[in-house]
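# Secondary and tertiary structure notes
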Amino acid sequence: MTAEMETKARHEATKAERRMARLYPKEDIAAARDWIRGALYAGVKSEISHLSMSEWAEKKRSLPPGLSPIPGPWRWSNAPYLKEIADCLSSTSPVQQVFVMKGAQVGFTVGILENWIGYTIDEDPGPMMFVSADADVAEESVELRVDRMIESAGLMPKIFSQSKQGNGKKTGDTKKKKEFPGGFLLAVGPNSGGKLRSFSIQKLLEDEMDAFPQQIGGADGTTKRAAEGDPHTILRRRLDAYEMTSKNLGGSTPLVEQTSRIKKLFDAGDQRRYFVPCKHCGAMQPLEWRDKATGAYRMIYDKDEAGNLIWSSVRYECAVCGKPWKNEDKAWFLPRGEWRPTAVASQPNYRSYHLPALLSPVWARSWESICQEWIAATEDQGRLRAFINTVLGEPFQESGEAPRYEKIMLRREDWSAEAVRFDEAGHLMEMVPAVIPDTAKVITIGADVQKDRIECEVVAWGEGKESWSIGYHVLPGETADISSPAWRQFAEILSMPHGGLPISLALIDSHYQTPTVYSFSEGYELGVMPCMGESHTIRSAKVFKIQDVAGYLCRRADIYTDVLKIEIYQAIAKSVPDSGMVPVGYCHFPGDRPESYFRMLVAEERVSERTRTGQTRYVWKKPEGRRNEALDCRVYALAALYIVASEVAPVDEHGAVSWADFWQYMNTI
Ligand SMILES: [Zn+2]
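Summarised in this report is the structure supplied together with it. (Residues numbered from 1 in each chain as written. Predicted model: local features only at pLDDT ≥ 70, side-chain atom pairs only at ≥ 80, totals over all residues. Heavy atoms only, no water.)

## Some remarks on the overall build of the protein
The secondary structure content of the protein amounts to 21 helices and 27 strands. Taking as baseline every contact in the protein between residues at least 6 positions apart, the subset at least 24 positions apart corresponds to 68%. Split by element, the accessible area of the protein, about 29,400 Å² in all, is 52% carbon and sulfur. (Helix = DSSP H or I, 4+ residues; strand = E, 2+ residues; numbered from the N terminus. Contact = heavy atoms within 4.5 Å. Areas by Shrake-Rupley, 256 points an atom, 1.4 Å probe, with all protein chains shown as cover.)

Below is the structure:
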């Protein structure tokens, strides 16, 4: 068959399918489809495509050395769980919608995304649209990945302009568009669904769906178009002409629970999980970080005295017999696994798959490195979020609910805060220190400047970000005047030891009385810095940025208060379990701390808001008239700890601090 005949036959088949489908009542539509595939494709289609996608990949696909940890011919045994997903995309499969909620390093891009494009060009041609986070990302993927796949699978001769006018190679082979006999591949951004009304496509491939905008069009200032709605829904309209044979594959690492698109699409499907056998008792089970029912950790590890992971201790405990599995056992149990639906899909021929990085093959991501990432994540909000998204393949649940202040008050302890007394000019008259355990190693201060007073909290920090609120001081005086008693008192607090330790860093909010705060900070070479809070949500692990201040000698810390407030709310909600083991981030409060303090500490709530463009965003709100200086002070004190730690310990490319290294260092000095 020539390419032209193929296309024609294919077109006829599609038309016939649609005619036949209309003969059946709606509820029998799946039966109609099966009948059509059986009867019609037995004759026509079998000549068009002989191979399933998994067969095609093993026959044609080869991974070039140097670009893959497993160079050579493609083998599904490299990542056995991908085979079933691949075959949903075979021309003979009745499955039409496949959504994969996934972690990183599970082989999805190479094994599913690239293979589907190759299979489409070579074996099952049709018009295809490839959509990624934005048009640039989609085009870059074509340049970096698809071109190499085309090259290594020997598909180059098939890529050329299919129109008589554009006979040259050039027009049919760009990073936006690949033309091939019987079809084309278009690489676009998620906004293109509305613009490309004239295009009918049979195959829709959507990658990184959680990075798509919530809505496209509308009054966002960049376009005059009316709001058009959800980009995924709009893109799917391009499939209408191929109602019976269309295929839609979507994949993404989920981001935030409340807004995750892939999570919604996963929930609407049959929610397949990969069940693998226990080598001891044979029980089939999906790999889980924690047991869903009991909350017990399935992945177990031990740490040495310095708090480092003992590599050889990492093991997975069978949910049934409790015996350990090791990372290298993946080579045995992954090929013996199977996908099992755990729900009924909301539509026929709709499948959804959950692909956590715990399944990552032996040659890719190990359980040991995952445990190491977890240990770092337990101390760092940004890293925790990344861990849940990219390792567990689950959306992060942002809880903005304020903990109840009564509950936190109940945990006040049997020690007293430091007490200070000043004369009228602001000179220190008396200081009674707080007595805190010697596991506290670092002192930071967060200060909030109001018109008639400075409020500040003195916090002691120990390993695991365990903290002691050793003083909360309200220093009265006109703050516009640098020589006022308020600043005099604050200077005294900065110069005295707290809990026997000097201050490592004090951050002073400079939103208000900015020039005065800068002038005051200039007087200190080290240990004092103005700060400005920024409230927008960020996706990296970085919580601050330090920059020069024009006209002053001091530098200013811009801090991302959103992330820090979430961390603080999670930390203060923690209580000490019966075992007596203090949880990471636990906050100690003195017995003489008044109720008004705790009310201020939990004054804000994190609430969701719809923006004008229809996006959901989260903002911190405090009820009218409620004071929140205690929360602000704690935010600055915590930001100060991050800054101190990042000066001492290594910081990775995402801006995340290695807390283990920091505490190890602090314990040695
Ligand atoms: Zn077992």
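Alright, that's what it looks like, and here's the rest.
## Quick look at the coordination of the zinc ion
Angles at a metal have ideal values that depend on geometry: 109.5 degrees with four tetrahedral donors, 90 or 180 degrees with six octahedral donors. Every protein donor of the zinc ion is listed here as Cys278 (SG), Cys281 (SG), Cys318 (SG) and Cys321 (SG), and their distances to the metal cover 2.3 Å. In this structure, the zinc ion is surrounded by four donor atoms whose angles at the metal cover 106 to 112 degrees, and the resulting shape is tetrahedral. Expressed as a motif, the donor residue spacing for the zinc ion is C-x2-C-x36-C-x2-C. Residue Cys281 is located in the loop between strand 9 (272-277) and strand 10 (284-286), and its partner Cys318 is located in the loop between strand 12 (315-317) and strand 13 (324-325); the two are separated by 37 residues in the primary sequence. (Donors = N, O, S within 2.8 Å, 3.2 Å for Na, K, Ca; no water. Tetrahedral: all angles 85-135°; square planar, octahedral: opposite > 155°, others 65-115°.)

## Quick notes on the pattern of salt bridges
The final tally for this structure, using the stated rule, is 36 salt bridges. In this structure, Arg634 engages Glu457 in a salt bridge whose closest nitrogen and oxygen atoms are separated by 2.9 Å. Placement of the pair is Arg634 in helix 20 (residues 629-648) and Glu457 in strand 19 (residues 453-462), with a sequence separation of 177 residues. A relative accessible area of 2% places Arg634 in the buried class. A relative accessible area of 0% places Glu457 in the buried class. Between Lys465 and Glu567 there is a salt bridge; the shortest N-O distance is 2.8 Å. (Salt bridge = Lys/Arg side-chain N within 4 Å of Asp/Glu carboxyl O. Buried < 20%, exposed > 50% of the residue type's maximum accessible area, 1.4 Å probe, protein only.)

## Some words on the environment of Lys574
Mapped onto the elements of the fold, Lys574 is located in the loop between helix 18 (561-572) and strand 25 (587-588). For the pair formed by Lys574 and Pro403, sequence separation is 171 residues and the distance between their alpha carbons is 9.5 Å. Residue contacts for Lys574: discarding those within four places in its chain leaves Arg411, Pro583, Val584 and Tyr586.

## Side note on the side chain of His498
You can see His498 is positioned in the loop between helix 16 (485-495) and strand 21 (505-509). You can call His498 buried: its relative accessible area is 0%. A polar side-chain atom of His498 sits 2.8 Å from the main-chain carbonyl oxygen of Ile493. Sequence-distant contacts of His498, defined by excluding residues within four places in its chain, comprise Glu418, Met431, Ile443, Ile445, Val458, Ile470, Ile493 and Ile503. (Polar contact = N/O pair within 3.5 Å; in protein donor to acceptor, adjacent residues only side chain to side chain.)

## Re the sheet that holds strand 12
Sheet architecture is open: three strands sit in the order 11-12-13, paired in antiparallel fashion. Of all strands in the sheet, those bounded by a partner on one side alone are strand 11 (299-300) and strand 13. The pairing of strand 11 with strand 12 spans two bridges and is classified as antiparallel. Bridged to Met299 within strand 12 is Tyr316. (Pairing = 2+ DSSP bridges.)

## A look at the side chain of Ser467
Summarising the element assignment, Ser467 is placed in strand 20 (residues 466-476). Only 3.3 Å separates the side chain of Ser467 from the side chain of Arg634, close enough to count as a polar contact. Leaving out residues up to four positions away in the same chain, Ser467 has contacts with Val459, Ala460, Trp461, Tyr586, Cys587, His588 and Arg634.

## Things to note about the packing of aromatic side chains
On inspection of all chains with the given rule, the structure shows 29 aromatic pairs. Look at Trp339 and Tyr353: their rings are 4.8 Å apart centre to centre, the planes differ by 85 degrees, and that puts the pair in the edge-to-face class. On the criterion of sequence distance, the pair formed by Trp339 in strand 14 (residues 338-341) and Tyr353 in strand 15 (residues 350-355) is long-range, its members being 14 residues apart. This pair shows no difference in class: Trp339 is buried, exactly as Tyr353 is. Chaining the aromatic ring pairs together yields one cluster made of Tyr81, Tyr274, Trp339 and Tyr353. Taking the ring centre of Tyr297 as reference, the NZ or CZ of Arg290 above it sits at 4.3 Å. Its end group placed over the ring of Tyr597, Arg593 keeps NZ or CZ at 4.5 Å from the ring centre. (Phe/Tyr/Trp six-rings, centres within 6.5 Å; stacked < 30°, edge-to-face > 60°. Lys NZ or Arg CZ within 6 Å of the ring centre and 35° of its normal.)

## Remarks on the pairing of strand 9
Counting buried positions over the six residues of strand 9 gives five, a clear majority of the element. Taken together, the four bridges between strand 9 and strand 14 define a ladder with antiparallel strand orientation. Across the sheet, residue Tyr274 finds its bridge partner in strand 14, namely Trp339. Looking at chain direction, strand 9 and strand 10 are connected through three bridges and run antiparallel. Its bridge partner lying in strand 10, Pro277 is registered against Met284. Linking strand 9 back to strand 10 in an antiparallel pair, the connection comprises six residues, with Gly282 at a positive phi of about 80 degrees.

## Description of the packing of helix 18 against helix 20
Helix packing geometry: the angle between the two helix axes and the distance between the axes. Interhelical geometry of helix 18 versus helix 20 gives an angle of 105 degrees and a closest axis separation of 10 Å. With respect to helix 20, the element helix 18 is oriented roughly perpendicular. Here Thr561, Leu564, Lys565, Glu567, Ile568 and Tyr569 of helix 18 come into contact with helix 20, specifically with Leu631, Asp632, Arg634, Val635, Leu638, Ala639 and Tyr642. Residue composition of the contact of helix 18 with helix 20, by class: eight nonpolar, one polar and four charged. (Axes fitted to C-alpha atoms, helices over the stretch in contact; angles between N-to-C directions. Parallel < 35°, antiparallel > 145°, perpendicular 65-115°, else oblique. Nonpolar A, V, L, I, M, F, W, Y, C, P; charged D, E, K, R; others polar.)

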